[in-house]
Amino acid sequence: MFVVSLKYIAPLPEVDALLHAHAAWLDRGYADGVFLASGRKVPRNGGVILASGERAALEARLSEDPFAKGGVARHDIIEFAPSMAAAGLESLKKA
């Protein structure tokens, strides 16, 4: 499992110009079963994606993010192996 941390490296108006395309890209990740959760950081200086799968495939997918292609965000990947999960989220231990 992976935690992907997005950090905006451009002003918010440039990020917002790509937001619709980024959301469509996220939708594809959910449809493919790769993305498990995502959202904005608070304060709004980036975002977080919880993802499953293989690292190389995730890296390739992240390179197609409109935020990455547009040069408005940087992605950092943290891999971890969940050993505990809250009730109802036990499936995360298998992701």
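In the block above lies the structure referred to throughout.
Residues numbered from 1 in each chain as written. Predicted model: local features only at pLDDT ≥ 70, side-chain atom pairs only at ≥ 80, totals over all residues. Heavy atoms only, no water.

Engineer: Looking at this structure, how should I read the overall build of the chain?
Structural biologist: Scanning the chain from N- to C-terminus turns up four helices and four strands. Secondary structure of the chain in N-to-C order comes out as β-α-α-β-β-α-α-β. Computed over C-alpha atoms, the radius of gyration of the chain comes to 14 Å, within 12% of the 12 Å expected from 2.2 N^0.38 for 95 residues, which places it in the range of a compact globule. Expressed as lengths along the three principal axes of its C-alpha atoms, the size of the chain is roughly 40 × 25 × 20 Å. Split into buried and exposed, the 95 residues of the chain put 32% on the buried side. Taking contacts inside the chain between residues at least 6 apart in sequence as the whole, the part at least 24 apart equals 67%. Summed over all atoms, the accessible surface of the chain reaches about 5600 Å², with 59% contributed by carbon and sulfur. The positive charge centre, built from 11 side chains, and the negative charge centre, built from 11, are 4 Å apart in the chain. (Helix = DSSP H or I, 4+ residues; strand = E, 2+ residues; numbered from the N terminus. Rg over C-alpha atoms; globule rule 2.2 N^0.38 Å. Buried < 20%, exposed > 50% of the residue type's maximum accessible area, 1.4 Å probe, protein only. Contact = heavy atoms within 4.5 Å. Areas by Shrake-Rupley, 256 points an atom, 1.4 Å probe, with all protein chains shown as cover. Lys, Arg positive; Asp, Glu negative; His and termini not counted. Charge placed at Lys NZ, Arg CZ, Asp CG, Glu CD.)

Engineer: What should I look at first to understand the environment of serine 38 in this one?
Structural biologist: Among the secondary structure elements, serine 38 is positioned in strand β2 (residues 35–40). Residue class for serine 38 comes out partly exposed when judged on its relative accessible area of 34%. Separated by 22 residues in sequence, serine 38 and aspartate 16 place their C-alpha atoms 17 Å apart. Excluding its chain neighbours within four sequence positions, the residues that come into contact with serine 38 are Leu26, Tyr30, Val48 and Ile49. Here tyrosine 30 takes part through its side chain, which lies 2.7 Å from a polar atom of the side chain of serine 38. (Polar contact = N/O pair within 3.5 Å; in protein donor to acceptor, adjacent residues only side chain to side chain.)

Engineer: What exactly am I supposed to notice about the nonpolar core here?
Structural biologist: Generally speaking, a soluble globular protein has its nonpolar side chains buried in company with each other. Val4, Phe35, Ile49, Ala51, Leu58 and Phe67 are the most contacted members of the largest nonpolar core, which has 18 residues in total. Of all the secondary-structure elements, those providing two or more residues to this core are β1 (2–8), α2 (19–31), β3 (46–51), α3 (55–63) and β4 (73–79). Per-element tally for this core: the top contributor is β1, with four residues. (Core = buried A, V, L, I, M, F, W, Y, C linked by side-chain atoms within 4.5 Å.)

Engineer: Explain the pattern of salt bridges to me, please; I cannot follow it from the model alone.
Structural biologist: A pair can form between side chains of opposite charge whenever their charged atoms are brought close. Scanning the model with the defined rule gives six salt bridges in all. As a salt-bridge pair, arginine 61 and aspartate 32 come within 3.0 Å of each other at their nearest N and O atoms. Here aspartate 32 lies in the loop between α2 and β2 and arginine 61 lies in helix α3, a separation of 29 residues in the sequence. In this structure, the salt-bridge partner of arginine 55 is glutamate 59, at a minimum N-O distance of 3.0 Å. Taken together, the positions of arginine 55 and glutamate 59, both in helix α3 and four residues apart, correspond to about one turn of that helix. Among the charged side chains, a network of salt bridges with common partners joins Arg55, Glu59 and Glu79. (Salt bridge = Lys/Arg side-chain N within 4 Å of Asp/Glu carboxyl O.)

Engineer: Help me understand the environment of glycine 47, please; the structure alone is not making it clear to me.
Structural biologist: Tracing the chain through its elements places glycine 47 in strand β3. Under the relative-accessibility criterion, glycine 47 is labelled buried at 8%. Sequence separation of glycine 47 and leucine 89 is 42 residues, and the distance between their C-alpha atoms is 21 Å. Sequence-distant contacts of glycine 47, defined by excluding residues within four places in its chain, comprise Val4, Ser5, Leu6, Gly39, Arg40 and Lys41.

Spatial relationships are all this shows, so hold off on functional conclusions.
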